[in-house]
Amino acid sequence: MENIRTVFMAIVGLAAVAFVTVFAASIGLALIAVLAVLTVARMIAVKLNHATVPVRTRDCRKRDGMRVWDDGRGKIIDL
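It should be emphasised that the depicted structure is a prediction, and the values quoted were computed from it without experimental measurement. (Residues numbered from 1 in each chain as written. Predicted model: local features only at pLDDT ≥ 70, side-chain atom pairs only at ≥ 80, totals over all residues. Heavy atoms only, no water.)

### Describing the overall build of the protein
Step number 1: Counting its secondary structure elements, the protein contains two helices and two strands.
Step number 2: The 79 residues of the protein split such that 1% are buried. (Helix = DSSP H or I, 4+ residues; strand = E, 2+ residues; numbered from the N terminus. Buried < 20%, exposed > 50% of the residue type's maximum accessible area, 1.4 Å probe, protein only.)

### Re the packing of aromatic side chains
Step number 1: The full count for this structure, using the stated rule, is one aromatic pair.
Step number 2: Relative to Phe-23, the ring of Phe-19 has its centre 6.3 Å away and its plane inclined at 20°; by these criteria the two rings are stacked. In this pair, Phe-19 and Phe-23 are both assigned in helix H1 (residues 2–48), four residues apart and thus about one turn of the helix distant. (Phe/Tyr/Trp six-rings, centres within 6.5 Å; stacked < 30°, edge-to-face > 60°.)

### Description of the pairing of strand S1 (residues 67–70)
Step number 1: Sheet topology note: the S1/strand S2 (residues 75–78) ladder contains four bridges and is antiparallel. Residue pairing in the sheet places Asp-70 in a bridge with Lys-75 of S2.
Step number 2: Adjacent in sequence and paired antiparallel, S1 and S2 are bridged by four residues, among which Gly-72 carries a positive phi angle near 100°. (Pairing = 2+ DSSP bridges.)

### So, the confidence of the model for the protein
Step number 1: For the protein, per-residue confidence averages 84 on the pLDDT scale, and residues scoring 70 or more make up 80% of the total.
Step number 2: Element-level pLDDT for the protein is lowest in helix H2 (residues 58–64), with a mean of 61, against a maximum mean of 94 in H1. (pLDDT = per-residue confidence, 0-100.)

Here's what the structure looks like:
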């Protein structure tokens, strides 16, 4: 009788450990899936919301010439 109770308790303990392991793994997989979906959605949103950035080329700077201004502490010359 003592052996039957010991075997039953061991089976119940192993079942509990298996349940907790499966539960933790499923929660982990769900979290990974949510993060993957959010990452893909953010990548797509960045590509769709592609805003152009105004860029001044070197030729444009040469055409504008040298800029000089005084900030109160001395002259600043921007070439």
